[in-house]
Amino acid sequence: MPLVTSKEMFEKAYNGGYAVGAFNVNNMEIVQAITEACREEKAPVILQVSKGARAYANHTYLVKLVEAAVQECPEIPIVLHLDHGPDFETCKACIDGGFTSVMIDGSSKPFEENIELTRRVVEYAHAHGVVVEGELGTLAGIEDEVAVEEGHASYTRPEEVEEFVRRTGVDSLAIAIGTSHGAYKFKPGTNPQLRFDILEEISRRLPGFPIVLHGSSSVPQEYVEMINAHGGAMPGAIGVPEDQLRQAAGLAVCKINIDSDLRLAMTGTIRKFYDEHPDKFDPREYLKPARANIKELVRHKLKNVLGCAGKA
Ligand code: G3H
Ligand code: 13P
Ligand code: ZN
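The text that follows walks through the structure, step by step, so that each part is easy to find. The structure presented is a predicted model; accordingly, all values stated were derived computationally and were not measured. (Residues numbered from 1 in each chain as written. Chains lettered and ligands numbered in written order. Predicted model: local features only at pLDDT ≥ 70, side-chain atom pairs only at ≥ 80, totals over all residues. Heavy atoms only, no water.)

Take the pattern of salt bridges next. Scanning the entire structure with this criterion turns up 24 salt bridges. A salt bridge links Glu 8 to Lys 12, with the shortest nitrogen-to-oxygen separation between them at 3.3 Å. Taken together, the residues Glu 8 and Lys 12, both in helix 1 (residues 7-16) and 4 residues apart, mark about one turn of the helix. The class of Lys 12 is partly exposed, set by a relative accessible area of 44%. The salt bridge involving Asp 197 is made with Arg 195; its shortest N-O contact spans 2.8 Å. (Salt bridge = Lys/Arg side-chain N within 4 Å of Asp/Glu carboxyl O. Helix = DSSP H or I, 4+ residues; strand = E, 2+ residues; numbered from the N terminus. Buried < 20%, exposed > 50% of the residue type's maximum accessible area, 1.4 Å probe, protein only.)

To continue, consider the site of ligand 2. Contacts to ligand 2 come from 17 residues, most closely from Asp 83, Lys 185, Ser 217, Asp 259 and Ser 260. His 181 places a side-chain nitrogen or oxygen 3.1 Å from an oxygen atom of ligand 2. Here an oxygen atom of ligand 2 and a backbone polar atom of Gly 215 are 2.8 Å apart. Across the complex, the protein chains shield 99% of the 310 Å² of accessible surface that ligand 2 would expose by itself. Only strand 3 (78-85) and strand 10 (253-258) provide two or more residues apiece to the shell around ligand 2. Counted by class, the shell around ligand 2 contains 1 nonpolar, 12 polar and 4 charged residues. (Near = heavy atom within 4 Å. Polar contact = N/O pair within 3.5 Å; in protein donor to acceptor, adjacent residues only side chain to side chain. Areas by Shrake-Rupley, 256 points an atom, 1.4 Å probe, with all protein chains shown as cover. Nonpolar A, V, L, I, M, F, W, Y, C, P; charged D, E, K, R; others polar.)

Another point: the coordination of the zinc ion (ligand 3). Ideal geometry at a metal gives 109.5 degrees between four tetrahedral donors and either 90 or 180 degrees between six octahedral ones. Distances from the zinc ion (ligand 3) to its protein donors, His 84 (NE2), His 181 (NE2) and His 214 (ND1), fall within 2.1 Å. Written as a sequence motif, the donor arrangement for the zinc ion (ligand 3) is H-x96-H-x32-H. Of this pair, His 84 sits in strand 3 while His 181 sits in the loop between strand 8 (172-175) and helix 8 (196-205), and the two are 97 residues apart along the sequence. According to the relative accessible area criterion, His 84 is buried, its value standing at 9%. (Donors = N, O, S within 2.8 Å, 3.2 Å for Na, K, Ca; no water.)

Turning our attention to the pairing of strand 8. Residue alternation in strand 8 divides its side chains into two sets, Ser 172 and Ala 174 and Leu 173 and Ile 175, and both sets are buried. The pairing of strand 5 (residues 131-136) with strand 8 spans 4 bridges and is parallel. Of the residues in strand 8, the one forming a bridge with Gly 134 is Leu 173. Summarising the sheet, strand 8 and strand 9 (residues 211-213) pair through 3 bridges and their orientation is parallel. Directly across from Ile 175, in strand 9, lies its bridge partner Leu 213. Each parallel crossover has a hand, and for strand 8 linked through helix 8 to strand 9 it is right-handed. (Pairing = 2+ DSSP bridges. Right-handed = clockwise from strand over helix to strand, strands pointing away.)

By size, the foremost hydrophobic cluster in this structure holds 98 residues, and its most contacted members are Phe 23, Ile 34, Val 102, Leu 173, Ile 211, Val 298 and Leu 302. If you tally residues by element for this core, the top one is helix 12 (residues 283-306), at 8 residues. Each residue touching Ile 34, except ones within four places of it in the same chain, is listed here: Phe 23, Asn 24, Val 25, Val 45, Leu 47, Leu 262 and Val 298. (Core = buried A, V, L, I, M, F, W, Y, C linked by side-chain atoms within 4.5 Å. Contact = heavy atoms within 4.5 Å.)

Here helix 5 (residues 88-96) crosses helix 6 (residues 111-127) at 15°, and the two axes come no closer than 10 Å. As judged from the angle between their axes, helix 5 and helix 6 are roughly parallel. Note that helix 5 runs across helix 6; the crossing there is right-handed. Between helix 5, through Phe 88, Cys 91, Lys 92, Ile 95 and Asp 96, and helix 6, the contact on the second element is made entirely by Leu 117, Arg 120, Val 121, Tyr 124 and Ala 125. Considered class by class, the residues forming the contact of helix 5 with helix 6 number 7 nonpolar, no polar and 3 charged. (Axes fitted to C-alpha atoms, helices over the stretch in contact; angles between N-to-C directions. Parallel < 35°, antiparallel > 145°, perpendicular 65-115°, else oblique. Left-handed = near helix turned anticlockwise from the far one by under 90°.)

Below, the discussion takes up the sheet that holds strand 1 (residues 20-24). Taken in spatial order, the 8 strands of this closed barrel run 1-2-3-4-5-8-9-10, and their pairing is parallel. Direction aside, neighbouring strands of the sheet carry axes that sit 25° apart on average. Where strand 3 lies against strand 4 (residues 101-104), 3 bridges are found, and the strand directions are parallel. Looking at strand 4, one finds that Leu 82 is bridged to Val 102. Helix 7 (residues 158-168) contacts strand 5 and strand 8 of the sheet and is inclined by roughly 150° relative to strand 5. Against the sheet, helix 10 (residues 242-249) touches strand 9 and strand 10, its axis set at about 145° to strand 10.

Turning our attention to helix 2 (residues 28-41). For helix 2, with 14 residues, the first-to-last C-alpha span of 20 Å sits near the 20 Å given by 1.5 Å per residue. Here helix 2 has its buried residues at Glu 29, Ile 30, Val 31, Ala 33, Ile 34, Thr 35, Ala 37, Cys 38 and Glu 41. Check the buried side of helix 2 and you find it contacts strand 1, strand 2 (45-50), helix 4 (59-72), strand 3, helix 11 (260-276) and helix 12. Put simply, Asn 27 is the residue that caps the front of helix 2, since its side-chain oxygen is 3.3 Å from the backbone nitrogen of Glu 29. One or two residues past the end of helix 2 sits Lys 42, with phi positive at roughly 55°. (Expected span 1.5 Å × (residues − 1).)

So, in structure tokens, the structure goes:
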């Protein structure tokens, strides 16, 4: 089947009490690892591309890689989504350039400005058959193009969500309930706890409406230890507990964003390979196990965290 929007995917996920995985893609091995895992597990999937990914790999290369995956995996629905669209122009370029879903991230702007920008993107996207994710509330965390210091993070205010959805016409809403981007989500020694009370209040105000969770990597300690054992230095890297993500997937959360875990699996695997084989220099020899480990990690998420295995 051709690329799809997330509309039907989210309806099924909402009613079925599971979430669809939204995995960030930056190169061929990552696209292959995710889509092979989803094909084998018969899971729907969202492949998402950030501004940084477009700058790194080039828009056309990424679209063509995803088109190749669609051709190789005709049995599963695949969405091509813009992650953290920073402005109208980037969203438009992706809508015009083959994406079926875009996020406009106006979360750092004042409420009225966020509404105005999001509404403009929705108008253009809907006229072209593309769906839109908006965001209210600010996640902490620092990545390539998405950087918010801890002091500037803020939970979503439930009293704002109805007006935002009504005035913008968005198809899904990303919220901030305690997750954050990157590999350092909670202070070591503390008890990570998402704000389910905020999620429940939001879903009470928006019945049947799909909610999105960003910053949902669990930072597998297996890979943190592998990185640290082979020349890396990531002390205190901690992610969102998997049981809390499972709980969110059973509620109104229909899309769960995962990027850092893929990066950790790739980096850990390659670091270990370099350490153990200082004589090797063929990139295929280390990209192959890296791809295999990302695939295994994605399979685990589909089956044990998102609950979307078998739902394609
Ligand atoms: O939320 C951000 C994503 O993980 C993308 O990160 O901007 O480094 O590509 P990036
Ligand atoms: P992580 O850094 O937790 O993987 O979050 C990714 C994300 O939210 C992409 O938008
Ligand atoms: Zn994000």
